[in-house]
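# Working through the structure, step by step
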Amino acid sequence: MTREYHPLSARRLQPGARYHQPGEDRERVRIDSPALAVMTDLRQIPAATIDLEAPLDAANRFMIRRGVRLLLVSDDDRQVLGLITANDILGEKPVQFALERGIMRQEICVRDIMTPRAQLEALPYADLVQAEVGHVVATLKHSGRQHALVTDASADGEVEAVRGIFSASQIARQLGIAIQTTEVAQTFAEIGAALGR
């Protein structure tokens, strides 16, 4: 049996019509909102990744294009080898590395200044199911980091996989707090001030 479909009625686009942007219709989160409301879920949004051998300038351009401040460094099998942040690229690390090696900044690649997997910590997804945004903010503040990785089992259930990322600046935006700087201490000071703490 074949179902019959009828055309939908259309109308003229009104003068001054605007377009929606991702996330604009979401309710503003609060400090006691579920933690998962502020996690970038990599099952829904493609991970921003980069190759070990990519030049720093390419990594920076890619971050700008994607609107992110962290890239997962991965191989062709999607294994996480480390991560690199905008602070890594734009801070003192590349300058120190270039001086120590006697090379030009343009010769530095992601491998040279990334944080390797062996030094990365992650929050288990199962621990976040009952957590609130305040727990994530406290965790980021305690670690002195702008980001936190979240892990769970991979699709095949055999290995750990990065499931999501928490970002202090994204949390601040979702809380409705304007962030003026990318400095970690300043970000948390602004979150605390806006929340009256």
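First things first, this report covers the structure right here in the doc. (Residues numbered from 1 in each chain as written. Predicted model: local features only at pLDDT ≥ 70, side-chain atom pairs only at ≥ 80, totals over all residues. Heavy atoms only, no water.)

## Overview of helix H6 (residues 133-143)
Applied cut-off: Burial status follows relative accessibility: with a 1.4 Å probe on protein chains alone, a residue under 20% of its type maximum counts as buried, one over 50% as exposed, and anything between as partly exposed. The helix and strand labels rest on DSSP assignments: H or I over at least four residues marks a helix, E over at least two residues marks a strand, and numbering proceeds from the N terminus. Note that the arc is computed from the directions linking the helix axis to the C-beta atoms.
Every buried residue of H6 is listed here: Val133, Val136, Val137 and Leu140. One face of H6 carries all of its buried residues, which in axial projection span an arc of 100°. Backbone geometry just after H6 places glycine 144 at a positive phi near 70°.

## Side note on the sheet that holds strand S7 (residues 147-153)
Our working rule: DSSP calls a pair of strands paired once it identifies at least 2 bridges connecting them.
With mixed pairing, the 4 strands of this open sheet are ordered in space as S1-S8-S7-S6. Pairing within the sheet leaves two strands with one partner each, and these edge strands are strand S1 (40-41) and strand S6 (122-124). Direction of pairing for S1 relative to strand S8 (residues 160-167): antiparallel, over a ladder of 2 bridges. Residue pairing across strands places threonine 40 opposite isoleucine 165, the latter belonging to S8.

## Quick word on the pairing of S7
When you tally the buried positions in S7, you get 6 out of 7 residues, the bulk of the element. Both S6 and S7 contribute to a ladder of 3 bridges, which runs parallel. Within S7, the position partnered with alanine 122 by the bridge is leucine 149. Note: S7 against S8, 7 bridges, orientation antiparallel. Looking across to S8, one finds that histidine 147 is bridged to serine 167.

None of the figures reported here should be taken as evidence of function without further support.
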